[in-house]
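Chain by chain, the residues run as shown.
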Amino acid sequence: MREIIYIQAGSFANYVGTHFWNTQESYFTYEDDDEPIVNHDLSFEEGRSPQNQPTLCPRLLTFDQKSNFGTLAKTSQADTATDASLDTTWQGRVVCETQDPIPQSEYHARLEGELEEGNLERTDPNIRYWSDYSRVFFDRKSIQAIPDALENIQAGWSVGQDLFQRYNEDTELMEGAFRLLVENCDNFQGLQMMHDTPSFGGFSHAFLTSFRDEFLKASTLNFSFLSGADPNHAGIDNFLDTKRIINDALCLQSLDQLSDISFPILNPSRWSALESNLSQGLSYNKNSLYHTSGVISSLVETATLPLRLKGSREDIAMIADHLNWRKCSRLGQLGGIVPLPFSATEGTFANMYCNFSTGLSNKDERAVFARRNVTRGLQDQDLAAFDAWCDISSLQEPLDSSIHAPAYPVPTSFPSIFRHTRPTSIRMASSLVTAPSTSIPLMGYARFVEQTARMRRSDGVLMSMGLENDDVKELASALWEIVDGYGNDRMDEGNG
């Protein structure tokens, strides 16, 4: 086997991840005659349920602040480490103060039949935490709760790195929980990682650096969720936006250095250019983490499905080598159509496709380095229209590849964001792409960082991030070097 270990860091990453794992759970079959479409052993291992019963659990480390875990916080390994430390270092009297337990979520109550079953699919449950709608059991080692006292990690690059180092020392993360995950694999291939750049950018950089120190040959695929700050429309005088943009830029530089292939994802607050396309099939609240994470998760899960399909020989290294065949385009794009209407035409794909990495219209984009498409539930006539749309770029195999899979399942935990009757499965398409247009948002970050380095009044921002002016100058230079790898003439940087 070629097992994958999954990393989720940050609130939005865990909202997306919860939908992802619920989809994996929906692939389980319970009849001998039903063959699952995926190889569960690649993503699951034997673990223990809250009742200490053996069950299949994700090969996962999930990081978030303790207050964001909801009912899962009580299973944190960090708490166990802290308790053990107290037991060995304090000899005096101990007074225990306990908080009231967090009530069971509305969704879980519905599942257990305590609320009317008929409402399970018609209305969204009240979601307080991402764990409120989880359908899988997590092994104790998967739950990595970061102390709430360290809330100032928001947009603090060096603080996030220091936090990882302290957390790793306190919990023996890399030699404990992570090492155990690797040892439980027959043939570990690498990481599929999702993280929030505002809160876990520096933390994730330090994690990947530590990982690379020991697992140099393992592959990494990353989905990075950017902040809501737009480098093209933010002023240097805006303290918080400046911190967020520099933090995002540092994350992009880090991913280009440490990850085999990465896909930056725009914050939902920056989806305005995509809303006309999205609204054709969805009616969602862009301020709801539960809603927007459902959209992104369907695309991530579908795009990475070939890694888990039964009989598939694809692995993370193959995806990275395919998309980054030029060896200078490690940052790609995630896009797709959710859901795809029936009787799709070539125009349907052109007019409904959304690029969640650039926010730009891909309607007429012909310049593409490589593309990996996965469609779900399409019929023969739909596939003909899809192929015609793909031919616009003039890419040929093997640079343009497509896999056609069964429809995407919609478990009861998925939000009710469909314009029409809630389906049990949907037709959709998802693509991983490398293209010259990746340089357009990168140039926005490079210009902003360059401008910041020239402004003396930005020194306070840099100091709060643990950076010096020379660090920012080096960052700007590194970003322009990444831009140059995409082959776009800087004279055309204002276009698009």
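Keep in mind that what you see is a predicted model, and the values were worked out from it rather than measured.

Some details on a negative patch on the surface
Next, step 1: There is a patch of like negative charges on the surface, built from E468, D470, D471 and E474.
Next, step 2: Checked against the element boundaries, E468 lands in the loop between α14 (459-464) and α15 (469-484).
Next, step 3: Its relative accessible area of 56% is what places E468 among the exposed residues.

What to know about the sheet that holds strand β15 (residues 428-434)
Next, step 1: Spatially, 5 strands are ordered β10-β9-β15-β11-β12 in an open sheet, and the strand pairing comes out mixed. Looking at which strands have only one partner, the edges of the open sheet turn out to be β10 (354-355) and β12 (400-405).
Next, step 2: Bridge count between strand β9 (residues 333-337) and β15: 5 bridges; the pairing is antiparallel. Opposite G336, over in β15, you have S430 as the bridge partner.
Next, step 3: Sheet strands touched by helix α9 (residues 289-303): β9, β11 (370-376) and β15. Its angle to β15, the strand with the most contacts, is close to 70°.
Next, step 4: Across the sheet, helix α12 (residues 380-390) is in contact with β11 and β12; its angle to β11 comes to roughly 165°.

A few points about the pairing of strand β3 (residues 54-58)
Next, step 1: Strand direction decides the pairing type here: strand β2 (residues 44-48) and β3, joined by 5 bridges, are antiparallel. Directly across from G47, in β3, lies its bridge partner T55.
Next, step 2: Hairpin connection between β2 and β3: a loop of 5 residues separates the two successive antiparallel strands, and N52 in this loop has a positive phi of roughly 65°.

Some points on the nonpolar core
Next, step 1: I5, F63, L173, F178, F188, L191 and F207 are the most contacted members of the largest nonpolar core, which totals 61 residues.
Next, step 2: Ranked by residues supplied to this core, first place goes to helix α7 (residues 239-258) with 8 residues.
Next, step 3: Apart from residues no more than four positions distant in its own chain, F188 is found in contact with R2, E3, I5, V182, F211, F215 and A218.
Next, step 4: In this structure, F28, F44, L266 and C354 belong to the second largest nonpolar core, which totals 59 residues.

Here we look at α7
Next, step 1: Its 20 residues give α7 an end-to-end C-alpha distance of 28 Å, which sits within 8% of 28 Å, the value for a rise of 1.5 Å per residue.
Next, step 2: Of all 20 residues making up α7, 15 are buried, and the element is well covered by its neighbours.
Next, step 3: At the N-terminal boundary of α7, the capping side chain belongs to N238, with an oxygen 3.4 Å from the backbone nitrogen of L240.

Considering the pattern of salt bridges
As a working rule, side chains carrying opposite charge can pair if their charged atoms are close by.
Next, step 1: This structure, assessed with the given rule, holds 19 salt bridges.
Next, step 2: Here R244 makes a salt bridge to D241, at a shortest N to O gap of 3.9 Å. A residue pair is termed a helical-turn pair when its members lie 3 or 4 positions apart in one helix, as R244 and D241 do in helix α7 at 3 residues.
Next, step 3: Ionic pairing is found between R427 and D382, a salt bridge with its closest N-O pair at 2.8 Å. Taken together, the residues R427 in the loop between β14 (425-426) and β15 and D382 in helix α12 connect sequence positions 45 residues apart. Taken as a pair, R427 and D382 share a single burial class, namely buried.
Next, step 4: The structure contains a network of salt bridges with shared partners spanning E45, R59, D139 and K141.

What counts, and at which threshold
- The numbering scheme is per chain: residues are counted from 1 as the chain's sequence reads.
- Given that the model is predicted, a residue must reach a pLDDT of at least 70 before its local features are reported, and side-chain atom pairs must reach 80 or more before they are shown or counted; all residues, however, enter totals for whole chains, interfaces and linings.
- The side-chain quantities take in all heavy atoms of the structure and omit both hydrogens and water.
- Without a salt bridge and with relative accessible area above 30%, a residue can belong to a patch; like charges are then joined within 9 Å and nonpolar side chains (Val, Leu, Ile, Met, Phe, Trp, Tyr) within 5 Å.
- Exposure was quantified through the Shrake-Rupley algorithm and a 1.4 Å probe, taking into account, for residues, occlusion by the shown protein chains and nothing else.
- Any carboxyl oxygen of Asp or Glu that lies within 4 Å of a side-chain nitrogen of Lys or Arg is treated as forming a salt bridge with it.
- Charged residues are defined here as Lys and Arg on the positive side and Asp and Glu on the negative side; His and the ends of the chain fall outside this count.
- Where a charge lies is defined by one atom per residue type, namely NZ (Lys), CZ (Arg), CG (Asp) and CD (Glu).
- Helix and strand definitions here come from DSSP, where helices need a minimum of 4 consecutive H or I residues and strands a minimum of 2 consecutive E residues; each element is numbered from the N-terminal end.
- Only protein chains enter the calculation, and the probe is 1.4 Å; a residue is then buried if its accessible area is under 20% of its type maximum, exposed if over 50%, and partly exposed in between.
- Pairing between two strands requires that DSSP report at least two bridges joining them.
- The contact definition used throughout considers only heavy atoms, calling two residues in contact when any of these lie within 4.5 Å.
- Axis lines are fitted to C-alpha atoms, over the contacting stretch for helices. Their N-to-C directions set the angle, which ranges from 0 to 180 degrees.
- The nonpolar core is taken to be a set of buried Ala, Val, Leu, Ile, Met, Phe, Trp, Tyr and Cys residues, with the residues joined through side-chain atoms within 4.5 Å.
- Helices are assigned an expected span. That span is 1.5 Å times one less than the residue count.
- Throughout this description, a polar contact denotes any pair of N or O atoms lying within 3.5 Å of each other; where both atoms belong to protein, one of them has to be capable of donating a hydrogen while the other can accept it, and for residues adjacent in sequence the pair is counted only when both atoms sit in side chains.

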